[in-house]
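# Observations on chain architecture
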Amino acid sequence: MHNTNESIDFSTVLAGSVHDMKNSLAMLLGSISEITNHCNPQSCPMYDTFNRMQHEAQRVNRDLILLLTLYKMDKGQYFFNIDEVNMNEFLEEVIIDYKDLLQNYNIKISLECDPDLVGYLDRNLVSSIIKTIISNAYQYTTDSIVINVTSDDGYTKISVIDNGCGYPEQMLIDGTPDSNTVNFETGSTGLGLYFSSRVANLHKSKTRKGYIRISNKTNPQGGCFSIYLP
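Remember, it's a predicted structure, so these values are computed and weren't measured experimentally. Along every chain, residues carry numbers that run from 1 in the direction the sequence is written. A pLDDT threshold of at least 70 governs which residues receive local features in this predicted model, and a stricter bar of 80 or more applies before side-chain atom pairs are shown or counted, although totals over entire chains, interfaces and linings include all residues. Side-chain calculation: all heavy atoms of the structure are included, whereas hydrogens and water are not.

## So, the packing of aromatic side chains
- A pair of aromatic rings is counted whenever rings of Phe, Tyr or Trp (Trp by its six-membered ring) have centres within 6.5 Å, and the orientation is called stacked for planes under 30 degrees apart, edge-to-face for over 60 and tilted otherwise. Counted under the stated rule, the structure contains four aromatic pairs.
- Their ring planes at 5 degrees and their centres at 4.4 Å tell us that Y211 and Y228 sit as a pair that is stacked. In this pair, Y211 is assigned in strand β8 (residues 211-218) and Y228 in strand β9 (residues 221-229), connecting sequence segments 17 residues apart.
- The cut-offs for exposure are 20% and 50% of the maximum accessible area for each residue type, with area from a 1.4 Å probe on protein chains only; residues under the lower value are buried, those over the upper are exposed, and the others partly exposed. For Y211, a relative accessible area of 5% puts it in the buried group.
- By relative accessible area, Y228 is classed as buried at 4%.
- Ring pairs connect the aromatic residues Y155, Y211 and Y228, which therefore count as one cluster. Strands here are runs of E lasting at least two residues and helices are runs of H or I lasting at least four, both read from the DSSP assignment and numbered beginning at the N terminus.

This is the structure we're talking about:
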């Protein structure tokens, strides 16, 4: 009998499993979408529940996409694509999926951005980041989420601000252009923040690279996630 001891690339096995889970989740999302398309808040007492289920399934789906994207980055298989982007139009598209959900919970989401402001970024990656942060903010805010975009010392700064209790102390990141790390191994941050830090660092212009900053506001109280892109 011939025995072989082959090493297993666990990351590849995990990526395959994540891909299978994502396919199953897509079927679940399709079924929920069919249900919500055939009912409305007036005629279906479970409408809000189905809406919440759809959002949570989409959130899990985004996390799976983040994992697969990180795997592709580590394997050199992700094609990083920088576009010139109108920030106001881009972020209107990002937040439109949340307006109905947030309205059901009496949460207002607004965008503060110069209509002519242009940024340079990978649309898919940055869109994933903002959606992940909005999904987190809506669970902890009191009744408001603001997306604020400005030009800040050569960086395009995108902030997601809520008026909840703020981030836990261990999650605060005082990022700087020269020093910005998120230690995923300590468990001090979640997948979304680790992914955000990796993506921010991929955005570079000459000697500058992107970074993230997480802080708490005091007047009014709330949490503030910011990503700076050169």
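What follows picks up the thread again.
## A look at the pairing of strand β3 (residues 118-121)
- Burial along β3 is one-sided: G119 and L121 are buried, while V118 and Y120, pointing the other way, are not.
- Sheet topology note: the strand β1 (residues 83-86)/β3 ladder contains four bridges and is antiparallel. When the bridges of β3 are listed, V85 appears paired with G119. Each pair of strands is called paired provided DSSP finds at least two bridges between the two strands.

## Things to note about the packing of helix α5 (residues 123-140) against helix α6 (residues 191-202)
- Across the interface, α5 lies against α6 with an axial gap of 10 Å and an inter-helix angle of 150 degrees. By the angle between their directions, the pair α5 and α6 is classed as roughly antiparallel. As for how α5 packs across α6, the hand of that crossing is left-handed. On α6, the residues touching L125, S128, I129, T132 and I133 of α5 are G192, L193, F195, S196 and V199. Axis geometry follows a simple rule: fit a line to the C-alpha atoms, using only the stretch in contact for helices, then measure angles between N-to-C directions, giving values from 0 to 180 degrees. For classification purposes, angles smaller than 35 degrees are called roughly parallel, those larger than 145 roughly antiparallel, those between 65 and 115 roughly perpendicular, and all remaining angles oblique. Handedness of a crossing is defined here by the sense of rotation of the near helix relative to the far one, left-handed for an anticlockwise turn of less than a right angle and right-handed for a clockwise turn. Whether two residues are in contact is decided by their heavy atoms: any pair within 4.5 Å suffices.

## Describing the sheet that holds strand β4 (residues 144-152)
- Taken in spatial order, the five strands make up an open sheet running β2-β4-β5-β9-β8, and their pairing is mixed. Every interior strand has two partners, whereas the edge strands, β2 (108-112) and β8, have only one. Pairwise comparison of adjacent strand axes, ignoring direction, gives a mean angle of 15 degrees for this sheet.
- Each of β2, β4 and β5 (155-162) is contacted by helix α3 (residues 87-95), which is oriented at about 165 degrees to β2, the strand it contacts most.
- Along the sheet, α5 makes contact with β2, β4, β5 and β9, crossing β5 at roughly 20 degrees.

## Concerning the side chain of Q54
- Structurally, Q54 can be placed in helix α2 (residues 47-74).
- For Q54, the contacting residues outside a window of four places in its chain are L29, I32, S33 and T36.

## Comments concerning the confidence of the model for the chain
- Known as pLDDT, the predictor's confidence for each residue is given on a scale from 0 to 100. Per-residue pLDDT for the chain averages 84, and the proportion of residues at 70 or more is 90%.
- For the stretch residues 185-189, pLDDT sits under 50, and the model shows six contacts to residues farther than four places along the chain or on other chains.

## What to know about the pairing of β8
- Relative to β9, β8 runs antiparallel, the two sharing eight bridges. Across the sheet, the residue bridging to I212 is I227, located in β9.

## A few points about α5
- Helices are assigned an expected span. That span is 1.5 Å times one less than the residue count. Between the first and last C-alpha of α5 there are 26 Å, a value that for 18 residues agrees with the 26 Å anticipated at 1.5 Å per step.
- Considered for burial, the residues of α5 that qualify are L125, V126, S127, S128, I129, I130, T132, I133, I134, S135, A137 and Y138.
- Two or three places before N124, at the opening of α5, D122 has a side-chain oxygen 3.2 Å from that residue's backbone nitrogen. Polar contact criterion, stated in full: a pair of N or O atoms within 3.5 Å, where within protein one must be able to donate a hydrogen and the other to accept it, and residues adjacent in sequence count only if both atoms are side-chain atoms.

## What to know about the nonpolar core
- In plain words, nonpolar cores are sets of buried Ala, Val, Leu, Ile, Met, Phe, Trp, Tyr and Cys residues tied together by side-chain atoms within 4.5 Å. If you look at the biggest cluster of nonpolar residues, it comprises 44 residues, and the most contacted ones within it are M87, L91, I130, I145, I147, I158 and F225.
- Among the elements that line this core, the one with the most residues is α5, at eight residues.
- Those residues in contact with I145 that lie beyond four places of it in its chain are L102, I107, K108, I109, S110, I134, A137, Y138, V160 and I161.
- Counting residues in each nonpolar core, the second largest holds eight residues, with V18, L25, L64 and Y71 among its members.

## A closer look at a nonpolar patch on the surface
- A residue counts toward a patch only above 30% relative accessible area and without a salt bridge, and it is joined to like-charged neighbours within 9 Å or, for Val, Leu, Ile, Met, Phe, Trp and Tyr, to nonpolar neighbours within 5 Å. Reported accessibility uses the Shrake-Rupley method at a 1.4 Å probe radius. Residues are deemed covered only where the shown protein chains occlude them. Between Lys or Arg on one side and Asp or Glu on the other, a salt bridge is scored when a side-chain nitrogen of the former is within 4 Å of a carboxyl oxygen of the latter. A contiguous nonpolar patch, built from I82, V118 and Y120 and spanning about 250 Å² of accessible area, is present on the exposed surface.
- With respect to the element layout, V118 can be found in strand β3.
- Assessed through its relative accessible area of 34%, V118 is described here as partly exposed.

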